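# Notes for the structure review
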Number of protein chains: 2
Amino acid sequence: MPGTSHDFTARLRAAGLRPTRQRVALARLLFEGGSRHVTAESLHVEVKSAQMPVSLATVYNALNQFRDAGLLREVVVAPGRSYFDTNTGHHHHFFVEPDGALHDFPSDKVTIAGLPAPPKGTRLSRVDVIVRVRR
Amino acid sequence: MPGTSHDFTARLRAAGLRPTRQRVALARLLFEGGSRHVTAESLHVEVKSAQMPVSLATVYNALNQFRDAGLLREVVVAPGRSYFDTNTGHHHHFFVEPDGALHDFPSDKVTIAGLPAPPKGTRLSRVDVIVRVRR
DNA sequence: AAGGAGTTTAGAACAGTTCTAAATACTGCA
DNA sequence: TGCAGTATTTAGAACTGTTCTAAACTCCTT
Ligand SMILES: [Mn+2]
Ligand SMILES: [Mn+2]
Ligand SMILES: [Zn+2]
Ligand SMILES: [Zn+2]
């Protein structure tokens, strides 16, 4: 089952991060199920209610490090709060207001045609599509 | 010149807002040039360096009220800070990192095909396309 | 002109995030 | 296995953007 390796110690080491107890616990929560969207606060609650309490500062550190290492992607859809996304492949999002829930949808069935060229002196970095929906 | 009316007093009144000195000053800065993207902080600096100092709380109040009245649209592209957009029509954005600059592009030349249906129990509210570019 | 509701303001409060620096844990090497 | 050295964790302080509070002020109606 390649790509779904549950050897978090190895995976963290491969990302250049020491496999500390805290990082392994967070990686387990983040990566051992399917694709997830968490906030620092929600992950902190989750890791506390499991057997392994981790400080909020460490949750923030880990999320930022995982993102910098390419293990997570940061998603900004609402003011004041960042989401971290375990799905690092190309995809887009439904954002359900006012719940704050995010749902993925694959980008390969979506066609975006007619985008203008990037402004002078810039290179394209990423195209985000956010489909905002309401209950 | 309809739609470009510079009678801000009337325009505010039409939006259900009393045309106070502060709101008129802010409306002038926001709406009398072309399309703009401001933050509360940038607009506060601007209004202070003009003849009319307005408190930061009032800038926030006005931006939120103008948005609620449909005079502005709020754009969330970066963590920790909201942009307010005087262009309330359908359009999308280039976001230049790390500058934080926003540039409009019209949505009518862009075709987005193949979007999945909104999740059960939700209605489409808006589709935002953010083209992130780097220098 | 007066009354009353709406608005502004300074400063406090708040929420999310980052920083500090002291304690602790991991790793490589003896 | 033990040690030294570096990385990491942590509690709490600090910081940033935003909202709230409540007292002073202003706009509007009469
Ligand atoms: Mn960050
Ligand atoms: Mn707001
Ligand atoms: Zn996602
Ligand atoms: Zn715009």
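Everything that follows concerns the structure shown earlier in this document.
Residues numbered from 1 in each chain as written. Chains lettered and ligands numbered in written order. Predicted model: local features only at pLDDT ≥ 70, side-chain atom pairs only at ≥ 80, totals over all residues. Heavy atoms only, no water.

### Considering the relation of the copies chain B and chain A
- Superposing chain B onto chain A takes a rotation of 180° combined with a translation of 0.0 Å along the rotation axis, leaving an RMSD of 0.0 Å. On this basis, the relationship between the two copies can be described by a two-fold rotation axis.
- Comparing contact sets, 100% of the residues at the interface of chain B also lie at the interface in chain A, consistent with an isologous, same-surface contact. (Least-squares fit on C-alpha atoms with pLDDT ≥ 70 in both. Contact = heavy atoms within 4.5 Å.)

### With respect to the packing of helix α2 (residues 21–31) of chain B against helix α3 (residues 40–49) of chain B
All names here are of chain B.
- Interhelical geometry of α2 versus α3 gives an angle of 110° and a closest axis separation of 11 Å. Overall, the two elements α2 and α3 adopt an arrangement that is roughly perpendicular. The handedness of the crossing between α2 and α3 comes out as right-handed. Seen from α2, the contacting residues are Ala25, Leu26, Leu29 and Leu30; seen from α3, they are Leu43, Glu46 and Val47.
- Each residue belonging to the contact of α2 with α3 can be placed in one class, and the counts come to 6 nonpolar, no polar and 1 charged. (Axes fitted to C-alpha atoms, helices over the stretch in contact; angles between N-to-C directions. Helix = DSSP H or I, 4+ residues; strand = E, 2+ residues; numbered from the N terminus. Parallel < 35°, antiparallel > 145°, perpendicular 65-115°, else oblique. Left-handed = near helix turned anticlockwise from the far one by under 90°. Nonpolar A, V, L, I, M, F, W, Y, C, P; charged D, E, K, R; others polar.)

### Notes on the coordination of the zinc ion (ligand 4)
Residues and elements named next belong to chain B.
- At the metal site, the zinc ion (ligand 4) is ligated by His37 (NE2), Asp85 (OD), His91 (NE2), His93 (NE2) and Asp104 (OD), and these contacts range over 1.9 to 2.2 Å.
- Along the chain, the residues that donate to the zinc ion (ligand 4) are spaced as H-x47-D-x5-H-x1-H-x10-D. Taken as a pair, histidine 37 in strand β1 (residues 37–38) and aspartate 104 in strand β5 (residues 101–106) lie far apart in primary sequence, 67 residues in all.
- Overall, aspartate 104 belongs to the partly exposed group, its relative accessible area being 28%. (Donors = N, O, S within 2.8 Å, 3.2 Å for Na, K, Ca; no water. Buried < 20%, exposed > 50% of the residue type's maximum accessible area, 1.4 Å probe, protein only.)

### What to know about the packing of helix α3 (residues 40–49) of chain A against helix α4 (residues 56–68) of chain A
All names here are of chain A.
- Relative to each other, α3 and α4 sit at 120°, their axes nearing to 9 Å. Classed by the angle they form, the pair α3 and α4 counts as oblique. The way α3 lies across α4 gives a crossing that is right-handed. Facing Ala40, Glu41, Leu43 and His44 of α3, the residues of α4 in contact are Leu56, Val59, Tyr60 and Leu63.
- Per-class residue counts for the contact of α3 with α4 are 6 nonpolar, 1 polar and 1 charged.

### Overview of the pairing of strand β2 (residues 73–78) of chain A
Residues and elements named next belong to chain A.
- Within β2, 6 of the 6 residues are buried, which leaves it mostly tucked inside the rest of the structure.
- Here 4 bridges tie β2 to strand β3 (residues 81–85), and the two strands are oriented antiparallel to one another. Considered in β3, the bridge of alanine 78 is made with arginine 81.
- Counting the residues that bridge the hairpin from β2 to β3 gives 2 residues, and of these glycine 80 lies at a positive phi of roughly 90°. (Pairing = 2+ DSSP bridges.)

### Here's the deal with α3(B)
Residues and elements named next belong to chain B.
- What α3 keeps buried is the set Ala40, Leu43, His44 and Val47. Around the axis of α3, the buried residues are gathered within 105° of arc, so they sit on the same side.
- Contacts from the buried residues of α3 go to α2, β1 and α4 (56–68). (Arc of directions from axis to C-beta.)

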